[in-house]
Amino acid sequence: MILRKVIFVFFIISFLGCKEEQKSSVKELQVAFMSDVHLQDIYGSFKDNDYKGILNPQTGKYTLARTMQSQLQSTRLFNENYFAFLAALDDVVKRGVKLVVLPGDFSDDGQAFNIRGLRHVLDNYTKNYGIRFILTTGNHDPVRPIRMAAGKTDFLGKNGHSQAIFSEKGMFLPKNHDDLPVIITQDIAKLGYVGILDELQDFGFFPKPNDRYWESPFSSYGYENYDFNEAKKQATFENRKYRSNKNEPEIPDVSYLVEPIEDVWFLAIDANIYVPKPEADADTVDPRLFSSASIGYNNLLLHKAHLMDWIKSVTTRAEELGKTLIVFSHYPMLDFYDGAGPDIEALFGTNKMQMHRMPSEEISQMLIEAGVKVHFGGHMHMNDTGQRHLESGSLINIQIPSMAAYVPGYKLLTLKDNDVFEIETVVIDNVPDFDSLFPLYEKEYGYLEQFKDSALWDKGILEAKTYKEFTTWHLNELVRLRFLKEDWPENLKFLLIRSSGEDLLRLAFDQEEEYNAFYKRLQEKNTEMAPLDSWTGLHMIHDFYKIRNADELAFYDIDQKRLEGYKVVCQQLRKSNYKNLRLWASIFMKVCNGEPSDHFKIDLKTGKIERVVP
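Residues numbered from 1 in each chain as written. Predicted model: local features only at pLDDT ≥ 70, side-chain atom pairs only at ≥ 80, totals over all residues. Heavy atoms only, no water.

1. Structural notes on the overall build of the protein chain
Worth spelling out the cut-off: Under the scheme used here, helices are H or I runs from DSSP no shorter than 4 residues and strands are E runs no shorter than 2 residues, and both carry numbers assigned from the N terminus. Atoms counted for the radius of gyration: C-alpha only. Globule rule: 2.2 Å times residue count to the power 0.38. Think of it in three bands: residues with accessible area under 20% of the maximum for their type are buried, residues over 50% are exposed, and the middle band is partly exposed, with areas taken using a 1.4 Å probe on protein chains only. Contacts are assigned to residue pairs that have any heavy atoms within 4.5 Å of one another. Only the protein chains shown count as cover for residues, and all accessible areas are computed by the Shrake-Rupley method using a 1.4 Å probe. Only four residue types enter the tally: Lys and Arg on the positive side, Asp and Glu on the negative side; His and the chain ends are excluded. One atom stands in for each charge, and that atom is NZ of Lys, CZ of Arg, CG of Asp or CD of Glu.
Regarding its fold elements, the protein chain presents 18 helices and 21 strands. Whereas a compact globule of 614 residues would reach a radius of gyration of roughly 25 Å, the protein chain reaches 26 Å, a difference of no more than 12%. Across its three principal directions, the C-alpha atoms of the protein chain cover 95 × 65 × 55 Å. Buried residues in the protein chain amount to 56% of all 614 residues. When contacts within the protein chain are restricted to residue pairs at least 6 apart in sequence, long-range pairs at least 24 apart make up 71% of them. For the protein chain, the accessible area works out to roughly 26600 Å², and carbon and sulfur atoms hold 49% of it. Seen as two clouds, the 72 positive and the 89 negative side-chain charges of the protein chain have centres 2 Å apart.

Now the structure itself:
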């Protein structure tokens, strides 16, 4: 009898010990978030065409790469991010991370050869390292809800020429005598939902036997009566479609909720909202009759309102069941400009600086009222943390940087306990083979140089020693070749480019005496800043874009004494009589003073953000 009691007590202690150990493993769970990978399979192939790209003399491989000229005028890289993605995955392998979330724009444009290439990469890391990938869609995957004929004119071709590749004959006709013949392949078309999820069905979009739970917004079952076979039946495309109204076509919604490990829920929101054009009807199957989804949540209430009710249901049930809820989608849920949005619209215009992608105050408020506390998003290619408090709750929006732009990196979430998220930004700098395409760019440059075009890219980018340096070059060239032309008012641009810091400071004062007195006080303070005549407004513009993209991570890449000079000048320009200079100074100061975005903790109960100091 005594022996039986001892055995029973030992069993209970052992059982409780095992439960405690399981809870501890969940407590220290880590999740990597890699958004806007924009994978182009540069070593991919076409199923219906033998064309393999051009031979790279450095590697001996045929390469389906895009021109340097095209990627330096795009907000993302097309080629080198392939290597950065692999480097990031290798990094999470070294850290022992087993869950990786891709919140949309995981492909270039949802083309079949790129989606196959992505699946190959994910399958490889799943098989060899036991990583579980959880995906949701972005506006580049799919570009439209239905497959769309498409192509690109800017692949690298022979002897530095551009090579056009299209899915249909006649979509592009060569214009010059030395243009290369167009390559035709169906693999360059932009797949719709069906084509993309056929390839990527194993990565969250459909239930798996080992999942504790899985549902879509259209599921009729609950947590208590969950059955895998019923979930699988209800997860088919036919059961996951909606109409905005009876006169509009059905569109898939591939949002889902999954519990891959005990007590941790991942809410994957498909926030792609393809608004049918006026000429579309209930039977429309023409992809051209749908808008792009790039605006994000602002079209939610009119065209995908069922999502808000479902999100509210999920957050409520997670609270009741004691689940840790991790919410992600492709688009930001809050302001990503640290409160500078109104000033940006006033200075640059409502459709400049990506302001059309800013979620409205109404949408942000409704998401807070729906119970979302922390959200991981992408789309903007920015590193940022935004926060909004209401009486009904608070929301923290974490913007994940892109692998394909400055600053390249991913977010690493560590669950400290049920109420604390620790988030670290991992910058991807050491990327093997990122420079392996440089010999091809040399040929491209040699070909373009003969045309003496001022828009020719700067060959100095080929001297980059690290991937981060390469993305810095990319951003600087993007500013020179595109942003300065597209975004900036001519008068302000002309003034800033031709003004030193000293010139700008003078513009803050009406009288020379006032300026002299201020400058004297500044010198007496012995402020740690670079001489004001050592930099110009053009330096300031370039550094502004660094801060816009990388937030506080940019401060590592900007001369600190020059940054201090920017701030001194801006503090005075905010009092200037010149409206545009006041706005510019206000914008610059606001983006310099956002919430912590490098390494920080979030208390889910209070909504407090606390910086983690190494």
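Still more to cover.
2. Observations regarding the sheet that holds strand 6 (residues 151-156)
Going by this rule: Here, strands pair whenever DSSP counts at least two bridges between them.
Strand order in this open sheet of 3 strands is 6-7-8, and the pairing throughout is mixed. Here the strands that pair on one side only, and so sit at the sheet edges, are strand 6 and strand 8 (183-184). Sheet topology places strand 7 (residues 162-166) next to strand 8; 2 bridges connect them, and they run parallel. The partner of Ile 165 across the bridge, within strand 8, is Ile 183.

3. Quick word on empty space enclosed by the protein
So the rule is basically this: The method works on a 1 Å grid over the protein atoms by themselves. A cavity is a set of points holding a 1.4 Å probe that cannot get out, a pocket is an open set with protein on both sides within 12 Å along at least five of seven lines, and residues with an atom within 4 Å of a point line them. Grid points are joined across faces, edges and corners, and a volume is the space filled by probe spheres set on the points. Under this grouping Gly is polar, as are all residues other than the nonpolar Ala, Val, Leu, Ile, Met, Phe, Trp, Tyr, Cys and Pro and the charged Asp, Glu, Lys and Arg.
Enumeration over the complete set of coordinates arrives at 2 cavities of 30 Å³ or more. Space inside the largest cavity adds up to approximately 80 Å³. Taken together, Thr 75, Gln 354, Met 380, His 381, Ala 405, Tyr 406, His 474, Leu 475, Leu 478, Phe 483, Arg 548 and Asn 549 make up the full set of residues lining the largest cavity. Listing elements by their share of the lining of the largest cavity, those giving two or more residues are helix 12 (467-486) and helix 16 (537-550). A per-class count over the lining of the largest cavity returns 6 nonpolar, 5 polar and 1 charged. Each pocket or cavity is described by its volume, and for the second largest cavity that value is around 40 Å³. Contributing to the lining of the second largest cavity are Phe 336, Tyr 337, Asp 338, Met 382, Asn 383, Asp 384, Ile 547, Arg 548, Asp 551 and Val 591.

4. Re the pattern of salt bridges
The condition that has to hold: The salt bridge definition used is simple: a Lys or Arg side-chain nitrogen within 4 Å of an Asp or Glu carboxyl oxygen.
Under the counting rule described, the total for this entry stands at 33 salt bridges. Note that Glu 215 and Arg 317 form a salt bridge whose closest N and O atoms lie 2.7 Å from each other. With Glu 215 in strand 9 (residues 213-215) and Arg 317 in helix 8 (residues 306-321), this pair connects stretches of sequence that are 102 residues apart. Linked through salt bridges whose partners overlap, the residues forming this network are Arg 66, Arg 76, Asp 108 and Asp 154.

5. Thoughts on the sheet that holds strand 16 (residues 384-390)
Across a sheet, paired strands are connected by hydrogen bonds in the backbone, their directions being either parallel or antiparallel. This is how the line gets drawn: Angles run from 0 to 180 degrees between N-to-C directions of axes, and those axes are lines fitted to C-alpha atoms, restricted for helices to the stretch in contact.
Pairing is mixed in the open sheet, where 7 strands are placed in the order 9-12-13-14-15-17-16. At either end of the open sheet lies a strand with only one pairing partner, and these are strand 9 and strand 16. Ignoring which end each strand starts from, the neighbouring axes of this sheet average 20 degrees apart. The pairing of strand 14 (residues 324-329) with strand 15 (residues 374-377) spans 2 bridges and is parallel.

6. Side note on the packing of helix 16 against helix 17 (residues 560-573)
Quick reminder of the rule: Orientation is classified from the angle alone, with under 35 degrees giving roughly parallel, over 145 giving roughly antiparallel, 65 to 115 giving roughly perpendicular, and any other angle giving oblique.
Between helix 16 and helix 17, the least distance of the axes is 11 Å, while the angle of their chain directions is 100 degrees. Relative to helix 17, helix 16 is oriented roughly perpendicular. Judged by residue contacts, His 539, Met 540, Asp 543 and Ile 547 of helix 16 engage Arg 562, Leu 563, Tyr 566 and Cys 570 from helix 17. Residues belonging to the contact of helix 16 with helix 17 are distributed by class as follows: 5 nonpolar, 1 polar and 2 charged.

7. Brief notes about unusual backbone geometry
For the bond from Asp 141 to Pro 142, the omega torsion is 5 degrees, close enough to zero to count as cis. Omega for the bond connecting Tyr 406 with Val 407 falls within 30 degrees of zero, at 0 degrees, which places this linkage in the cis form. Its place among the elements puts Val 407 in the loop between strand 17 (393-399) and strand 18 (409-417). Despite not being glycine, Lys 452 shows a phi value in the positive range, around 55 degrees. As for its position among the elements, Lys 452 is in the loop between helix 11 (438-449) and helix 12.

8. A short note on helix 9 (residues 341-348)
The following threshold applies: The directions considered for the arc are those from the helix axis to the C-beta atoms.
Along helix 9, the positions that sit buried rather than exposed are Gly 341, Asp 343, Ile 344, Leu 347 and Phe 348. Seen along its axis, helix 9 keeps its buried residues to an arc of 160 degrees; they face one direction. Buried-residue contacts for helix 9 involve helix 13 (490-497) and helix 18 (579-591). Of the residues one or two after helix 9, Gly 349 is the one with positive phi, at around 115 degrees.

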